[in-house]
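A closer look at the structure
Chain by chain, the residues:
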Amino acid sequence: MDRRKLRSGTVVLGGMGVLAATLTACGSEPDRRCVDRVTQEILPRYECEDSNGSGSYYYGGSSHKNRVSGGSFDKSAVDRGGFGSSGSSGG
């Protein structure tokens, strides 16, 4: 009887690992930064979260010397990460 319990527990744990990996791959979001639309300068997050803020979210791309490039202000225009994708962010 103990063997039977062990096998079913192993199957459940293995299935949970597969489920977690699948959810992680499907739910990956592109990098998001708060950015000034004109200067492309990275701003504090509150500039995008506050309705009076001057920033907009910028998705994907990379950053160098506090400015962004290679991404988009349109989230749907940026490929999502997941298995087989590579993403990088600089600072």
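The shown structure was predicted, so the numbers you read here are calculated from the model rather than taken from an experiment. (Residues numbered from 1 in each chain as written. Predicted model: local features only at pLDDT ≥ 70, side-chain atom pairs only at ≥ 80, totals over all residues. Heavy atoms only, no water.)

Observations concerning the nonpolar core
If you look at soluble globular proteins, the nonpolar side chains tend to sit buried side by side. The test is simple: Note on terminology: a nonpolar core comprises buried Ala, Val, Leu, Ile, Met, Phe, Trp, Tyr and Cys residues joined through side-chain atoms within 4.5 Å. The buried label goes to any residue with under 20% of its type's maximum accessible area, the exposed label to any with over 50%, and the partly exposed label to all in between, with areas taken from a 1.4 Å probe on protein chains only. A contact between two residues is defined here by any heavy atoms of the two lying within 4.5 Å.
Among the nonpolar cores identified, the biggest contains six residues, and these are C34, L43, C48, Y57, Y59 and V78. The contact partners of Y57, leaving out residues within four places of it in the chain, are R32, R33, C34, R45, C48, E49, S72 and F73.

Describing the state of the cysteines
We apply this condition: Working definition: a disulfide is two cysteine sulfur atoms within 2.5 Å of each other. Numbering goes from the N terminus for both helices and strands, where a helix is a DSSP run of H or I of at least four residues and a strand is a run of E of at least two.
By the definition in use, this model includes one disulfide. Linked covalently through their sulfurs, C34 and C48 form a disulfide whose S-S length is 2.1 Å. Because the torsion about its S-S bond is 100 degrees, the bridge between C34 and C48 counts as right-handed. Here C34 is found in strand 1 (residues 32-35), whereas its partner C48 is found in helix 2 (residues 46-49), with 14 residues between them in sequence. Each member of the pair, C34 together with C48, is buried.

Focus: the environment of G60
Secondary-structure assignment places G60 in strand 2 (residues 56-64). For the pair G60 and G71, spaced 11 residues apart in sequence, the C-alpha to C-alpha distance is 4.6 Å. Setting aside residues up to four positions removed in sequence, G60 forms contacts with P30, D31, R33, G71 and V78.

Topic: the packing of aromatic side chains
Stated formally: Pairs were defined over the aromatic rings of Phe, Tyr and Trp, the Trp ring being its six-membered one, requiring ring centres within 6.5 Å. Orientation was assigned from the angle between planes: stacked under 30 degrees, edge-to-face over 60, tilted for the rest. When the NZ atom of lysine or the CZ atom of arginine is within 6 Å of a ring's centre and also within 35 degrees of its normal, the charge is said to sit over that ring.
This structure, assessed with the given rule, holds one aromatic pair. A centroid spacing of 5.1 Å and a plane angle of 80 degrees characterise the contact between Y58 and F73, whose relative ring orientation is edge-to-face. Taken together, the positions of Y58 in strand 2 and F73 in the segment after strand 3 (67-72) put the pair 15 residues apart, joining distant regions of the chain. Over the face of the ring belonging to Y57 we find R32, whose NZ or CZ atom lies 4.0 Å from the ring centre. Just above the ring of F73 sits the side chain of R37; from NZ or CZ to the centre is 4.2 Å.

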